[in-house]
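A look at the structure
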Amino acid sequence: MPVRARGLTIEGADGRRYLDCLSGAGTLALGHNHPVVLEAIRRVLDSGAPLSVLDLATPVKDAFVTELFRTLPPGLADRSRVQFCGPAGTDAVEAALKLVRTATGRTGILAFTGAYHGMTAGALAASGGAPDVQVARLPYPQDYRCPFGVGGPHGAELAARWTESLLDDPKSGVPLPAGMILEPVQGEGGVIPAPDDWLRRMRRLTADRSIPLIADEIQTGVGRTGAFWAVDHSGVTPDVMVLSKAIGGSLPLAVIVYRDDLDVWQPGAHAGTFRGNQLAMAAGTATLAYVRENALAERAAALGTRMLTRLAELTHAFPCVGDVRGRGLMIGVELVNPDADHTASHPAPLAGDIGGAGVVADVGDGRMGDLSGTAARPEPARTPYPAAPELAAAVQRECLQRGLIVELGGRHASVVRLLPPLTISDEQATAVLDRLTDAVAAAARHHEPHGPQQQRQPCPAQHAG
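Only a predicted model underlies this, so the values are computations on that prediction, with no experimental measurement involved.

What counts as what
- Residues numbered from 1 in each chain as written.
- Predicted model: local features only at pLDDT ≥ 70, side-chain atom pairs only at ≥ 80, totals over all residues.
- Heavy atoms only, no water.
- Helix = DSSP H or I, 4+ residues; strand = E, 2+ residues; numbered from the N terminus.
- Buried < 20%, exposed > 50% of the residue type's maximum accessible area, 1.4 Å probe, protein only.
- Contact = heavy atoms within 4.5 Å.
- Expected span 1.5 Å × (residues − 1).
- Arc of directions from axis to C-beta.
- Axes fitted to C-alpha atoms, helices over the stretch in contact; angles between N-to-C directions.
- Left-handed = near helix turned anticlockwise from the far one by under 90°.
- Nonpolar A, V, L, I, M, F, W, Y, C, P; charged D, E, K, R; others polar.
- Core = buried A, V, L, I, M, F, W, Y, C linked by side-chain atoms within 4.5 Å.
- Pairing = 2+ DSSP bridges.
- Salt bridge = Lys/Arg side-chain N within 4 Å of Asp/Glu carboxyl O.
- Parallel < 35°, antiparallel > 145°, perpendicular 65-115°, else oblique.

Things to note about the overall build of the chain
Scanning the chain for helices and strands turns up 14 helices and 19 strands. By residue count, 54% of the 465 residues in the chain fall in the buried class. Long-range pairs, those at least 24 residues apart, make up 73% of the contacts in the chain between residues at least 6 apart in sequence.

Considerations on helix α2 (residues 35-47)
Taking 1.5 Å of rise per residue, the 13 residues of α2 would be expected to cover 18 Å, and the 18 Å separating its terminal C-alpha atoms lies within 8% of that figure. Taken residue by residue, α2 has Val-37, Ala-40, Ile-41 and Val-44 as its buried positions. Viewed end-on, α2 has its buried residues packed into an arc of 95°, placing them on one side of the element. Turned more than 90 degrees off the buried face of α2, the exposed positions are Arg-43 and Asp-46. Structurally, α2 contributes buried residues whose contacts are with α3 (59-71) and α9 (278-293).

Notes on the packing of α2 against α9
In the contact formed by α2 and α9, the axes pass within 8 Å of each other and the chain directions differ by 145°. The chirality of how α2 crosses α9 is right-handed. Taken together, the residues of α9 that come into contact with α2 (itself represented by Val-36, Val-37, Ala-40, Ile-41, Val-44 and Leu-45) are Gln-278, Leu-279, Ala-282, Ala-283, Ala-286, Thr-287 and Tyr-290. In the contact of α2 with α9, the residues fall into eleven nonpolar, two polar and no charged.

Examining the nonpolar core
Grouped together as the largest cluster of nonpolar side chains are 72 residues, with contacts concentrated most on Trp-229 and Leu-436. For this core, the leading source of residues is helix α14 (residues 426-446), giving nine residues. Those residues within four positions of Leu-436 in sequence are excluded, and the remaining contacts are Leu-311, Val-333, Val-395, Cys-399, Leu-404, Val-416 and Leu-418. Counting 24 residues, the second largest nonpolar core, distinct from the first, contains Leu-99, Ala-123, Ile-218 and Val-242.

Things to note about the sheet that holds strand β12 (residues 255-259)
In sheet architecture, strand pairing relies on hydrogen bonds along the backbone and comes in two forms, parallel and antiparallel. Taken together, seven strands build an open sheet; the order of strands is β4-β12-β11-β10-β7-β5-β6 and the sheet is mixed. Each of the sheet's edge strands pairs with one partner strand only, and the pair in question is β4 (80-84) and β6 (136-138). Taken pair by pair, the neighbouring strands of this sheet meet at an average axis angle of 20°, ignoring direction. Here four bridges tie strand β11 (residues 240-243) to β12, and the two strands are oriented antiparallel to one another.

Re the pattern of salt bridges
What the rule picks out here adds up to 29 salt bridges. In this structure, Asp-261 and Arg-259 form a salt bridge, with 2.4 Å as the shortest nitrogen-oxygen distance. Assessed through its relative accessible area of 19%, Arg-259 is described here as buried. Where salt bridges share partners, they join Arg-79, Arg-203, Asp-239, Arg-259, Asp-260 and Asp-261 into one cluster.

Considerations on helix α5 (residues 89-104)
Compared with the 22 Å implied by 1.5 Å per residue over 16 residues, the 23 Å span of α5 between its first and last C-alpha is a close match. Of the residues trailing α5, Gly-105 is marked for its positive phi of about 75°.

What to know about the environment of His-447
Mapped onto the elements of the fold, His-447 is located in the segment after α14. Look at His-447 and you get buried, because its relative accessible area is 9%. Considering only alpha carbons, one finds His-447 and Leu-391, 56 residues apart in sequence, at a separation of 7.6 Å.

Things to note about the packing of helix α10 (residues 296-312) against α14
One can describe the packing of α10 onto α14 by two numbers: an axis separation of 11 Å at closest approach and a directional angle of 25°. Relative to α14, the element α10 lies roughly parallel. Crossing of α10 against α14: the hand is right-handed. In this structure, α10 contributes Arg-299, Leu-303, Arg-306, Met-307, Arg-310 and Leu-311 to the contact, and α14 contributes Asp-426, Ala-429, Thr-430, Leu-433, Asp-434, Leu-436 and Thr-437. A class-by-class count of the residues in the contact of α10 with α14 yields six nonpolar, two polar and five charged.

Below is the structure:
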């Protein structure tokens, strides 16, 4: 039960201090109660300015828009519009879907397995946990649980070819859609970074077919992944960017930024009562400027690399740690059951030449080159073990007992997620890693299977809960 907080640290009602690597699901880019954020809020409160202004222009809103546009990819900032939505990211997703449908006159949406875009009806329909099918679902490339069983560039190439075939095959059952929505790094899906080459391929496929590309940067934006916006890693300029969480400096704020030629909807076509939150705009302006001026994205890249390198050692020390992955300070550790029969629950890896596709190489312009016919062939991906959600929950509990707050996500909630503030110090990062490592060791030890043939395995065949 939090009672006070500053930076990475939360003080509970029990008097204990905790290191917060949840950060409001990535909302707190500067951590709790950062001085520049508090000062920005106080200035608005003390000025007597209205706190809610709907669509009216104000100096506070002008400052926010100016700072936001200063950070955008150049190809978008030069010719874009901004729409203030309701206060949550899911409201901005709804606005983006409505926008592209209005602009194109089409209704279908392309989305990806593992996606998470929110909990309102339209956003949920485009998410991986949708209860029924309202969008065309595409494979999202990943290494550990590659849907094609190969991973790496070859798996990404197969995913891209599937998408291209779906769009161009007149009998695919998928008419030309109104837009494609994707996360440059899937967060709730298990911290899965999109390969840069694949993302460039998606940009080219959509641009060639006049399909607006929507980048959901709600969780990945404002320096989280080691670039100010996650699309910056690949150099991709989307047609629409969906922004929330950190852009409000810890307060509710959501916007979409989109190419000006899509701006064909009428005034009032999308609105939300709290779209004019002046306190959130002021806090957001201070946060955006602080991240930019202090190069916190670059620091997130460097520190995240060091943290991932150390966490990767867990995969060698504990068989129940199936994979460690992430980008910048968006990190995931997947817990698995190494004693289960993983071949029965997952397709065997595909080796060699698949469907005529050879080894994939970057040919320099964002395309993935086909080197079919060469002697080299991609190495088969390792077959992943089944997810271990009970063990992941045990690790989360062990973390809390050690004063570390982490989130669970991914398939079956088996991925321990780290989303520390970008202001985390080197010493604090070391403390986070020490506590997490100790928690994994404790959870594995407490969940050891029992039996004479299994005593050497540190992870369970069955979990006691």
